[in-house]
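Take a look at the letters that make up each chain.
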Amino acid sequence: MTVAIVGVGMTRFGRHDELSGLDLAEQAVREALADAGTAWSDVDLAVGGSNVSGKPDALVSRLGLTGLAFPTVRNGCATGGVALATAADAIRAGRARTAVVVGFDKHERGAFASDPASYGLGAWYGETGLMVTTQYFAMKTRRYLHEHGLSEESLARVSARAFRNGAAHPRAWRRSPLSVEQVLAAAPVNPPLTQYMLCQPSQGAVALVVTGEERAADLAERPVRLAAVSVRTRRYGSFEVFSPSLDPVPRRSPSIDAADSAFRTAGLSPSEVDVAQVQDTDSGSELIHLAETGLCAHGEQEKLLADGQTDAEGALPVNTDGGCLANGEPIGASGLRQVHEVVRQLQGRALGRQVPGAPRVGFTHVYGAPGTSSCAVLTLEGARS
Amino acid sequence: MTTVVDPGLFTSLDPPRLAGSRCRSCGTVTFPVGGSCPRCTLPGPDTVALADAGTVWTWTVQTFPPKPPYVPPAGGFSPYAVGYVDLGDVLVEGHLLVEPGHLRIGLPVRLVLTPVGDGSRSTFAFEATP
Ligand SMILES: [Zn+2]
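With that out of the way, let us pick up unusual backbone geometry. In this model, Pro191 of chain A is joined to Pro192 of chain A through a cis peptide bond whose omega is 10°. For the peptide bond that leads from Asp14 of chain B to Pro15 of chain B, omega is 5°, which places it in the cis range. By the secondary structure assignment, Pro15 of chain B is in the loop between β1 (10–13) and β2 (16–22). Phi at Ala358 of chain A takes a positive value of approximately 50°, unusual for a residue other than glycine. Considering the arrangement of structural elements, one finds Ala358 of chain A in the loop between α13 (331–346) and β11 (361–368). Judged by relative accessible area, Ala358 of chain A falls into the exposed class, the value being 56%. One non-glycine residue, Thr41 of chain B, lies in positive phi territory at about 75°. If you trace the backbone, Thr41 of chain B turns up in the loop between β3 (29–30) and β4 (46–49). Judged by its relative accessible area of 58%, Thr41 of chain B is exposed.

This is how it looks when you write it as structure tokens:
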């Protein structure tokens, strides 16, 4: 059975000192329900995810004690993808008719702190200052630039485009455009990555209303079909965060597997994508993910960016809502933020920069510790197949 | 006698050699010592001494103090370089005792011990081969 997204809601991303994680989640769910023109009493399944900011199923006390099933998931950056896949599977299996999917997080300021034991590592790894996610992003990026002949200007172009898109998006956190020169001249946090090439922990929530095909037409003018959603963990040989050692040729990323699976399931190829959101926890990650997901060839990013092809008006619009760089990273919400943006783009009602020419095929990709990726392919009804 | 952050990381301390695991079936080498092979899943790998010299495979500089459990030096935080070193069978992550201006991919380095935290214990690091 075809599964469709018929309503979307999201809070502003950034800092919400006065609101809790559950407050944000409630706001997003209410907006998604209103967008679909339906009510919580009509929902028979909710799936929620938050990495650190509360129990998603506690939302029932705010939204209504209707007795619905409410599984929760917690899969780091893949939380949104797993939540969406869980809801879609239940609808396909006939166990639910109308589902709400919600992801949220409220992280505090500053870099994420990590506990070695929870990653199966000895205490020495944290004590000696190796357990820092931004170090990993920087080292992976430096090697990737080296192997594929990409410049640090490309990293800055990713950030400049992200902030340009964020400036146009009313729900984004960073609303000020920055030039390539400003990004390059900023403080080097973990070289080659500067301050503006790394996203910050952030706060926000996103919700979707998902139904089977037969209800979709009643609830949305232009339902967006969830053509595929897939989740994969790493295989041996991928270059992952918090790795005391790596294979001498670490090339096998879970993003490759998740994207390949999503495109195969959807029966579409990466070249057919009209708008893409890929994980950009840092500028280097976006460059790497564009190629790993098949959206371009390794090394091709330099020219794509220099020519403006990843802008909303280009041949391959990327991170049109500003991505993690402009929105920050509320881990449980980021994956669904990407879906929110793609749904609105395909429906022709983007909140920020609208991709021109009636885009019909969208793609989302998240990737995170300890080596998990989730990808989705979304199409407008009647899309070429 | 040298006190190290975790004796299990080493096969010997003088001279320092890192302890890794080598799979008895597929030969995959990992660090630190583990209970099974991450490539083919076979349990019970051999413990081996890793090469004590290699080349810088990638690197960065930690410019800001990490959050705990990081323990800053007694004299306060100062930026430090880290990277992966290609030891032939495996890439190992560690501190690089090289001025950032001299760091480059391919730089020959060798294994040494270096004090960390309050200075009472040492960890492994790599310095430029003279
Ligand atoms: Zn093996």
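So, on to the interface of chain B and chain A. The figure often quoted for interface size is the accessible area lost as the parts come together. Residue-level contacts link 41 residues of chain B with 37 residues of chain A. For the pairing of chain B and chain A, the buried interface totals around 3200 Å² over both sides, and the portion due to carbon and sulfur atoms is 62%. Applying the counting criterion to the chain B and chain A interface returns two salt bridges. Note that Arg121 of chain B and Glu127 of chain A form a salt bridge whose closest N and O atoms lie 2.5 Å from each other. Secondary structure elements with two or more residues in the side of chain B that touches chain A: β3, β5 (53–62), β6 (80–86), β7 (91–97) and β9 (121–128) of chain B. Counting residues per element, the side of chain B that touches chain A draws most heavily on β5 of chain B, which supplies six residues. Here strand β9 (residues 245–246) of chain A runs beside β7 of chain B; their pairing, made up of two bridges, is antiparallel. In the strand pairing of β7 of chain B, Ser245 of chain A is matched with Val92 of chain B.

Conventions used here
- Residues numbered from 1 in each chain as written.
- Chains lettered and ligands numbered in written order.
- Predicted model: local features only at pLDDT ≥ 70, side-chain atom pairs only at ≥ 80, totals over all residues.
- Heavy atoms only, no water.
- Helix = DSSP H or I, 4+ residues; strand = E, 2+ residues; numbered from the N terminus.
- Buried < 20%, exposed > 50% of the residue type's maximum accessible area, 1.4 Å probe, protein only.
- Contact = heavy atoms within 4.5 Å.
- Buried area = accessible area lost by both parts, 1.4 Å probe.
- Salt bridge = Lys/Arg side-chain N within 4 Å of Asp/Glu carboxyl O.
- Pairing = 2+ DSSP bridges.

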